[in-house]
Amino acid sequence: MADLVGVLGLGNIGGGMAHRLLDSGYAVAGYDLSPAAGDRAAAMGVRISGSAPELAAAVPVLITSLPTPASVLDALLGEGGALEAMVPGATLIETSTIDPHTMERVGAAARARGLQVLDLTLSGEPPQAARGELVFMAGGDEAVLEAQRALLETLSRKLHHTGAVGTAKTVKLVNNLMSLSNIAAAAEAFVLGVKCGMEPQRLFDILSTSGGRSAHFIHDWPGVLRGDYRPGFKTSLAAKDMGLILDLAEQERYAAVLAPVLARLYRDAVEGGSGEEHFTSLVKLFESRAGVSVQPAEPAASG
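What you see is a predicted model, and the numbers here were worked out from it, not measured in a lab. (Residues numbered from 1 in each chain as written. Predicted model: local features only at pLDDT ≥ 70, side-chain atom pairs only at ≥ 80, totals over all residues. Heavy atoms only, no water.)

### Some details on the overall build of the protein
Inclusion rule: A run of H or I in DSSP counts as a helix once it spans at least four residues, and a run of E counts as a strand once it spans at least two, with each numbered from the N terminus. The cut-offs for exposure are 20% and 50% of the maximum accessible area for each residue type, with area from a 1.4 Å probe on protein chains only; residues under the lower value are buried, those over the upper are exposed, and the others partly exposed. Contact between two residues is taken to exist if any of their heavy atoms lie within 4.5 Å; hydrogens are not considered. Only the protein chains shown count as cover for residues, and the accessible areas themselves come from Shrake-Rupley with a 1.4 Å probe. Counted charges follow a simple rule, with Lys and Arg positive, Asp and Glu negative, and His plus the chain ends left uncounted. The location of each charge is read from NZ of Lys, CZ of Arg, CG of Asp or CD of Glu.
A count of helical and extended segments in the protein gives 15 helices and 8 strands. By the burial criterion, 49% of the 303 residues in the protein qualify as buried. Pairs at least 24 apart in sequence give 68% of the contacts found in the protein among residues at least 6 apart. A total of about 14,100 Å² of accessible surface is found on the protein, and carbon and sulfur atoms cover 54% of it. Charge centroids of the protein, computed over 24 positive and 33 negative side chains, lie 4 Å from each other.

Take a look at the structure:
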(Lines give C-alpha, C1' and ligand atoms only; values in the text may rest on other atoms or scores of the structure.)
Protein backbone atom coordinates (compact mmCIF):
# COMPACT_ATOMS: atom_id res chain seq x y z
CA MET A 1 0.00 0.00 0.00
CA ALA A 2 2.84 2.41 0.82
CA ASP A 3 4.15 2.17 -2.74
CA LEU A 4 0.73 2.59 -4.41
CA VAL A 5 0.34 5.99 -6.08
CA GLY A 6 -2.84 7.36 -7.62
CA VAL A 7 -2.82 9.55 -10.72
CA LEU A 8 -5.98 11.52 -11.46
CA GLY A 9 -5.67 12.75 -15.05
CA LEU A 10 -3.85 10.37 -17.39
CA GLY A 11 -3.19 12.72 -20.31
CA ASN A 12 0.22 13.56 -21.74
CA ILE A 13 1.89 14.60 -18.48
CA GLY A 14 -0.13 12.48 -16.06
CA GLY A 15 0.27 9.46 -18.30
CA GLY A 16 3.99 10.13 -18.60
CA MET A 17 4.39 10.30 -14.83
CA ALA A 18 2.42 7.07 -14.44
CA HIS A 19 4.74 5.43 -16.96
CA ARG A 20 7.80 6.58 -15.03
CA LEU A 21 6.42 5.37 -11.71
CA LEU A 22 5.65 1.93 -13.15
CA ASP A 23 9.15 1.69 -14.60
CA SER A 24 10.54 2.58 -11.17
CA GLY A 25 8.72 -0.18 -9.34
CA TYR A 26 5.69 1.67 -7.97
CA ALA A 27 2.19 0.30 -8.25
CA VAL A 28 -0.04 2.90 -9.94
CA ALA A 29 -3.79 3.32 -9.92
CA GLY A 30 -5.45 5.94 -12.09
CA TYR A 31 -8.57 7.53 -13.49
CA ASP A 32 -9.35 9.82 -16.42
CA LEU A 33 -12.62 11.06 -17.86
CA SER A 34 -11.31 10.04 -21.29
CA PRO A 35 -11.75 6.29 -21.92
CA ALA A 36 -8.92 6.45 -24.47
CA ALA A 37 -6.51 7.87 -21.89
CA GLY A 38 -7.60 5.20 -19.44
CA ASP A 39 -7.06 2.46 -22.03
CA ARG A 40 -3.54 3.72 -22.82
CA ALA A 41 -2.68 3.78 -19.13
CA ALA A 42 -4.15 0.32 -18.56
CA ALA A 43 -1.99 -1.04 -21.38
CA MET A 44 1.05 0.22 -19.44
CA GLY A 45 -0.05 -1.53 -16.27
CA VAL A 46 -2.03 1.17 -14.46
CA ARG A 47 -4.94 -0.14 -12.38
CA ILE A 48 -7.90 1.87 -13.66
CA SER A 49 -10.50 2.96 -11.10
CA GLY A 50 -14.15 3.49 -11.90
CA SER A 51 -14.27 7.09 -10.70
CA ALA A 52 -12.17 9.84 -9.15
CA PRO A 53 -13.57 9.24 -5.63
CA GLU A 54 -12.96 5.50 -5.95
CA LEU A 55 -9.34 6.22 -6.86
CA ALA A 56 -8.91 8.79 -4.10
CA ALA A 57 -10.20 6.43 -1.43
CA ALA A 58 -7.75 3.69 -2.41
CA VAL A 59 -4.39 5.47 -2.40
CA PRO A 60 -2.14 7.08 0.23
CA VAL A 61 -0.81 9.56 -2.34
CA LEU A 62 -2.93 11.15 -5.07
CA ILE A 63 -1.28 13.08 -7.91
CA THR A 64 -3.65 15.29 -9.90
CA SER A 65 -2.84 16.44 -13.44
CA LEU A 66 -5.85 18.25 -14.89
CA PRO A 67 -6.33 20.83 -17.66
CA THR A 68 -7.94 23.91 -16.05
CA PRO A 69 -8.71 25.56 -12.71
CA ALA A 70 -12.39 24.68 -13.20
CA SER A 71 -11.58 21.01 -13.77
CA VAL A 72 -9.42 20.93 -10.64
CA LEU A 73 -12.16 22.49 -8.51
CA ASP A 74 -14.78 20.16 -9.94
CA ALA A 75 -12.69 17.00 -9.52
CA LEU A 76 -11.51 17.80 -6.01
CA LEU A 77 -14.13 20.06 -4.41
CA GLY A 78 -17.25 19.45 -6.46
CA GLU A 79 -20.17 17.33 -5.32
CA GLY A 80 -18.76 13.90 -4.54
CA GLY A 81 -15.26 15.27 -5.19
CA ALA A 82 -12.07 13.33 -4.63
CA LEU A 83 -11.05 15.22 -1.49
CA GLU A 84 -14.08 13.91 0.38
CA ALA A 85 -13.03 10.36 -0.42
CA MET A 86 -9.38 10.64 0.61
CA VAL A 87 -8.37 9.01 3.89
CA PRO A 88 -7.19 11.51 6.53
CA GLY A 89 -3.41 11.57 6.59
CA ALA A 90 -3.15 10.86 2.85
CA THR A 91 -1.24 13.27 0.61
CA LEU A 92 -2.55 15.30 -2.32
CA ILE A 93 0.09 16.37 -4.86
CA GLU A 94 -1.57 18.88 -7.21
CA THR A 95 0.46 19.33 -10.43
CA SER A 96 -1.96 21.12 -12.77
CA THR A 97 -1.14 24.50 -14.31
CA ILE A 98 -3.65 26.65 -12.45
CA ASP A 99 -3.61 30.01 -10.69
CA PRO A 100 -2.22 30.30 -7.15
CA HIS A 101 -5.53 31.47 -5.67
CA THR A 102 -7.27 28.29 -6.82
CA MET A 103 -4.39 26.25 -5.37
CA GLU A 104 -4.68 28.06 -2.04
CA ARG A 105 -8.39 27.22 -1.95
CA VAL A 106 -7.69 23.55 -2.67
CA GLY A 107 -4.93 23.49 -0.08
CA ALA A 108 -7.16 24.95 2.64
CA ALA A 109 -9.90 22.44 1.89
CA ALA A 110 -7.41 19.55 1.95
CA ARG A 111 -5.91 20.57 5.28
CA ALA A 112 -9.40 20.98 6.77
CA ARG A 113 -9.99 17.29 6.00
CA GLY A 114 -6.74 16.25 7.69
CA LEU A 115 -4.85 15.73 4.43
CA GLN A 116 -1.26 16.59 3.59
CA VAL A 117 -0.91 18.76 0.49
CA LEU A 118 1.82 19.76 -1.93
CA ASP A 119 1.44 22.43 -4.60
CA LEU A 120 3.63 21.02 -7.37
CA THR A 121 4.34 22.49 -10.79
CA LEU A 122 6.70 21.26 -13.43
CA SER A 123 8.87 22.29 -16.32
CA GLY A 124 9.15 19.79 -19.15
CA GLU A 125 7.14 17.96 -21.77
CA PRO A 126 5.65 14.44 -21.99
CA PRO A 127 8.91 12.70 -23.00
CA GLN A 128 10.65 14.17 -19.96
CA ALA A 129 7.74 13.08 -17.75
CA ALA A 130 8.09 9.48 -18.94
CA ARG A 131 11.86 9.54 -18.34
CA GLY A 132 11.75 11.20 -14.92
CA GLU A 133 13.51 14.30 -16.22
CA LEU A 134 11.03 16.99 -15.20
CA VAL A 135 11.98 20.00 -13.10
CA PHE A 136 9.66 20.35 -10.10
CA MET A 137 8.70 23.43 -8.12
CA ALA A 138 7.01 22.45 -4.85
CA GLY A 139 5.04 24.61 -2.44
CA GLY A 140 4.02 23.35 0.97
CA ASP A 141 5.33 22.40 4.38
CA GLU A 142 8.94 21.25 4.44
CA ALA A 143 7.97 18.11 6.36
CA VAL A 144 5.43 17.09 3.71
CA LEU A 145 7.99 17.69 0.97
CA GLU A 146 10.57 15.57 2.75
CA ALA A 147 8.07 12.76 3.28
CA GLN A 148 7.45 12.64 -0.50
CA ARG A 149 11.00 13.41 -1.64
CA ALA A 150 11.79 9.88 -2.86
CA LEU A 151 8.63 9.84 -4.99
CA LEU A 152 9.26 13.33 -6.37
CA GLU A 153 12.91 12.59 -7.15
CA THR A 154 11.81 9.50 -9.07
CA LEU A 155 9.79 11.78 -11.33
CA SER A 156 12.26 14.66 -11.67
CA ARG A 157 15.87 15.64 -12.24
CA LYS A 158 15.64 18.77 -10.07
CA LEU A 159 13.36 19.75 -7.21
CA HIS A 160 12.92 23.31 -5.89
CA HIS A 161 11.02 24.28 -2.73
CA THR A 162 9.20 27.54 -3.51
CA GLY A 163 7.57 28.24 -0.14
CA ALA A 164 3.95 27.94 0.98
CA VAL A 165 1.10 26.30 -0.95
CA GLY A 166 0.30 28.52 -3.95
CA THR A 167 3.86 29.70 -4.55
CA ALA A 168 4.67 26.91 -7.00
CA LYS A 169 1.73 27.94 -9.18
CA THR A 170 3.02 31.52 -9.14
CA VAL A 171 6.50 30.39 -10.21
CA LYS A 172 5.01 28.22 -12.96
CA LEU A 173 3.03 31.08 -14.49
CA VAL A 174 5.97 33.48 -14.25
CA ASN A 175 8.22 30.88 -15.87
CA ASN A 176 5.69 30.28 -18.65
CA LEU A 177 5.45 34.00 -19.30
CA MET A 178 9.22 34.05 -19.80
CA SER A 179 9.24 30.89 -21.94
CA LEU A 180 6.40 32.00 -24.20
CA SER A 181 8.01 35.43 -24.52
CA ASN A 182 11.30 33.81 -25.54
CA ILE A 183 9.71 31.81 -28.34
CA ALA A 184 7.65 34.77 -29.59
CA ALA A 185 10.77 36.96 -29.71
CA ALA A 186 12.75 34.19 -31.41
CA ALA A 187 10.01 33.72 -34.01
CA GLU A 188 9.88 37.40 -34.92
CA ALA A 189 13.67 37.83 -34.90
CA PHE A 190 14.38 34.65 -36.86
CA VAL A 191 11.88 35.46 -39.58
CA LEU A 192 13.39 38.94 -39.85
CA GLY A 193 16.85 37.42 -40.28
CA VAL A 194 15.64 35.06 -43.02
CA LYS A 195 13.73 37.92 -44.67
CA CYS A 196 17.03 39.80 -44.85
CA GLY A 197 18.65 36.89 -46.68
CA MET A 198 20.25 34.79 -43.93
CA GLU A 199 20.34 31.06 -44.58
CA PRO A 200 18.18 29.51 -41.82
CA GLN A 201 20.54 26.79 -40.59
CA ARG A 202 23.49 29.16 -40.48
CA LEU A 203 21.40 31.71 -38.64
CA PHE A 204 20.37 29.11 -36.05
CA ASP A 205 23.95 27.92 -35.60
CA ILE A 206 25.04 31.46 -34.82
CA LEU A 207 22.08 32.52 -32.66
CA SER A 208 22.19 29.32 -30.61
CA THR A 209 25.61 30.38 -29.30
CA SER A 210 24.81 34.09 -28.96
CA GLY A 211 23.35 36.22 -26.20
CA GLY A 212 19.76 36.14 -27.44
CA ARG A 213 19.44 32.37 -27.14
CA SER A 214 17.18 30.62 -24.64
CA ALA A 215 16.79 27.02 -23.50
CA HIS A 216 13.62 26.70 -25.60
CA PHE A 217 15.34 28.15 -28.67
CA ILE A 218 18.23 25.70 -28.42
CA HIS A 219 16.01 22.71 -27.69
CA ASP A 220 12.97 23.41 -29.88
CA TRP A 221 14.13 25.43 -32.87
CA PRO A 222 15.73 22.47 -34.71
CA GLY A 223 12.17 21.13 -35.01
CA VAL A 224 11.08 24.43 -36.54
CA LEU A 225 13.85 24.16 -39.12
CA ARG A 226 12.51 20.70 -40.04
CA GLY A 227 8.93 21.95 -40.15
CA ASP A 228 8.17 19.50 -37.33
CA TYR A 229 5.48 20.91 -35.04
CA ARG A 230 4.39 17.71 -33.31
CA PRO A 231 3.51 18.45 -29.69
CA GLY A 232 5.03 18.55 -27.02
CA PHE A 233 3.51 21.58 -25.48
CA LYS A 234 0.59 22.63 -27.66
CA THR A 235 -0.12 26.15 -28.85
CA SER A 236 -3.62 25.82 -27.36
CA LEU A 237 -2.03 25.25 -23.95
CA ALA A 238 0.21 28.27 -24.46
CA ALA A 239 -2.88 30.37 -25.15
CA LYS A 240 -4.59 28.92 -22.08
CA ASP A 241 -1.60 29.73 -19.89
CA MET A 242 -1.44 33.27 -21.22
CA GLY A 243 -5.06 33.65 -20.15
CA LEU A 244 -4.15 32.49 -16.65
CA ILE A 245 -1.26 34.96 -16.57
CA LEU A 246 -3.52 37.85 -17.58
CA ASP A 247 -6.07 36.81 -14.95
CA LEU A 248 -3.38 36.68 -12.27
CA ALA A 249 -2.04 40.09 -13.24
CA GLU A 250 -5.56 41.52 -13.03
CA GLN A 251 -6.17 39.92 -9.65
CA GLU A 252 -2.93 41.42 -8.36
CA ARG A 253 -3.64 44.81 -9.96
CA TYR A 254 -0.43 44.49 -11.96
CA ALA A 255 -0.39 46.45 -15.22
CA ALA A 256 1.23 43.87 -17.50
CA VAL A 257 2.54 45.30 -20.77
CA LEU A 258 4.00 42.41 -22.78
CA ALA A 259 1.58 39.71 -21.61
CA PRO A 260 -1.48 41.09 -23.45
CA VAL A 261 0.52 41.23 -26.71
CA LEU A 262 1.70 37.66 -26.26
CA ALA A 263 -1.79 36.47 -25.38
CA ARG A 264 -3.11 37.94 -28.62
CA LEU A 265 -0.32 36.31 -30.67
CA TYR A 266 -0.96 32.85 -29.26
CA ARG A 267 -4.72 33.25 -29.69
CA ASP A 268 -4.12 34.26 -33.31
CA ALA A 269 -1.99 31.15 -33.81
CA VAL A 270 -4.74 28.93 -32.40
CA GLU A 271 -7.37 30.62 -34.56
CA GLY A 272 -5.04 30.15 -37.54
CA GLY A 273 -5.12 26.38 -37.09
CA SER A 274 -2.03 25.73 -34.97
CA GLY A 275 -3.78 24.92 -31.70
CA GLU A 276 -2.84 21.22 -31.72
CA GLU A 277 0.73 21.85 -32.90
CA HIS A 278 3.86 22.55 -30.85
CA PHE A 279 3.83 26.09 -29.54
CA THR A 280 6.83 27.00 -31.71
CA SER A 281 4.33 26.92 -34.59
CA LEU A 282 3.75 30.55 -33.59
CA VAL A 283 6.52 31.22 -36.13
CA LYS A 284 3.98 30.56 -38.90
CA LEU A 285 2.27 33.87 -38.10
CA PHE A 286 5.47 35.76 -38.79
CA GLU A 287 6.31 33.67 -41.86
CA SER A 288 2.91 34.47 -43.33
CA ARG A 289 3.29 38.18 -42.72
CA ALA A 290 6.84 38.26 -44.11
CA GLY A 291 6.22 35.95 -47.07
CA VAL A 292 9.21 33.73 -46.23
CA SER A 293 9.80 30.25 -44.83
CA VAL A 294 12.37 29.51 -42.14
CA GLN A 295 12.90 25.94 -43.31
CA PRO A 296 16.22 25.60 -45.16
CA ALA A 297 15.89 25.02 -48.89
CA GLU A 298 16.47 21.45 -50.06
CA PRO A 299 19.87 21.09 -51.75
CA ALA A 300 19.65 20.84 -55.51
CA ALA A 301 19.88 17.31 -56.91
CA SER A 302 23.25 16.55 -58.52
CA GLY A 303 23.75 15.08 -62.00
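Let us keep going from here.
### Structural notes on the pairing of strand β5 (residues 91–94)
This is how the line gets drawn: Two strands pair if DSSP finds at least two bridges between them. Crossover handedness is defined here as right-handed if the route from the first strand over the helix to the second strand goes clockwise, with the strands pointing away from the viewer.
Here β5 shows no split at all, with Thr91 and Ile93 on one side and Leu92 and Glu94 on the other all buried. Two elements, strand β4 (residues 61–64) and β5, share 4 bridges in a ladder whose sense is parallel. Across the sheet, Leu62 pairs through a bridge with Leu92, a residue of β5. Note: β5 against strand β6 (residues 116–123), 4 bridges, orientation parallel. Along β6, the bridge assignment pairs Leu92 with Val117. For the crossover that starts at β5, traverses helix α6 (residues 100–112) and ends in the parallel β6, the hand is right-handed.

### Topic: the side chain of Ser214
Heads up, the condition is: Any pair of N or O atoms that falls within 3.5 Å is considered a polar contact. Within protein, one atom must be able to donate a hydrogen and the other to accept it, and sequence-neighbouring residues count only if both atoms are side-chain atoms.
If you trace the backbone, Ser214 turns up in the loop between α11 (200–207) and α12 (215–226). Note on Ser214: relative accessible area 12%, which makes it buried. In this structure the side chain of Ser214 is engaged in a polar contact, spanning 3.1 Å, whose partner is the backbone nitrogen of Phe217.

### Some points on the nonpolar core
The tendency in soluble globular proteins is for nonpolar side chains to be buried side by side. This is how it is decided: Take the buried residues of types Ala, Val, Leu, Ile, Met, Phe, Trp, Tyr and Cys, join any two whose side-chain atoms come within 4.5 Å, and each joined set is a nonpolar core.
Counting 35 residues, the largest nonpolar core has Phe190, Trp221, Met242, Tyr266, Leu282 and Val283 as the members making the most contacts within it. Within the residue set of this core, elements represented by two or more residues are α10 (167–195), α11, α12, α13 (235–251), α14 (258–274) and α15 (283–290). In contact with Tyr266, other than residues within four places in its own chain, are Leu180, Ile183, Ala184, Thr235, Ala238, Ala239, Met242, Phe279 and Leu282. In this structure, Leu21, Val46, Leu152 and Leu155 belong to the second largest nonpolar core, which totals 28 residues.

### A few points about the side chain of Gln128
By the secondary structure assignment, Gln128 is in helix α7 (residues 126–131). With a relative accessible area of 15%, Gln128 lands in the buried category. When neighbours within four sequence positions are excluded, Gln128 is seen to be in contact with Glu133, Leu134 and His219.

### Quick notes on the pattern of salt bridges
The cut-off we apply is this: For salt bridges, the criterion is a side-chain nitrogen of Lys or Arg within 4 Å of an Asp or Glu carboxyl oxygen.
Counted under the stated rule, the structure contains 11 salt bridges. The residue Glu94 makes a salt bridge to Lys169 at a minimum N-O spacing of 2.9 Å. Of this pair, Glu94 sits in strand β5 while Lys169 sits in helix α10; the two residues are 75 residues apart in sequence, bridging distant segments of the chain. Accessibility expressed as a relative area gives 0% for Lys169, which makes it buried. For Glu276, the salt bridge is made with Lys234, and the minimal N-O distance between the two is 2.7 Å. Of this pair, Glu276 sits in the loop between α14 and α15 while Lys234 sits in the loop between α12 and α13, placing them 42 residues apart in sequence.

### Quick notes on the packing of aromatic side chains
How we decide: Between 30 and 60 degrees the pair is tilted, below 30 it is stacked and above 60 it is edge-to-face, where a pair is any two Phe, Tyr or Trp rings, Trp via its six-membered ring, whose centres lie within 6.5 Å. The criterion is that NZ of a Lys, or CZ of an Arg, lies within 6 Å of the ring centre and within 35 degrees of the ring normal, and then a charge sits over that ring.
Across all of its chains, the model carries 5 aromatic pairs by this definition. Note on Phe190 and Trp221: the rings are 5.5 Å apart at their centroids and 55 degrees apart in plane angle, and the pair reads as tilted. Taken as a pair, Phe190 in helix α10 and Trp221 in helix α12 lie far apart in primary sequence, 31 residues in all. In this pair, the class of Phe190 matches that of Trp221, namely buried. Between the aromatic rings of Phe217 and Trp221, the centroid separation amounts to 5.4 Å while the plane-to-plane angle is 35 degrees, which identifies the pairing as tilted. Here the residue Phe217 and the residue Trp221 both occupy positions in helix α12, the gap between them amounting to 4 residues, near one helical turn. Here Trp221 falls in the buried class, since its relative accessible area comes to 0%. The ring centre of Phe286 lies 5.9 Å from the NZ or CZ of Arg289, which sits over that ring.

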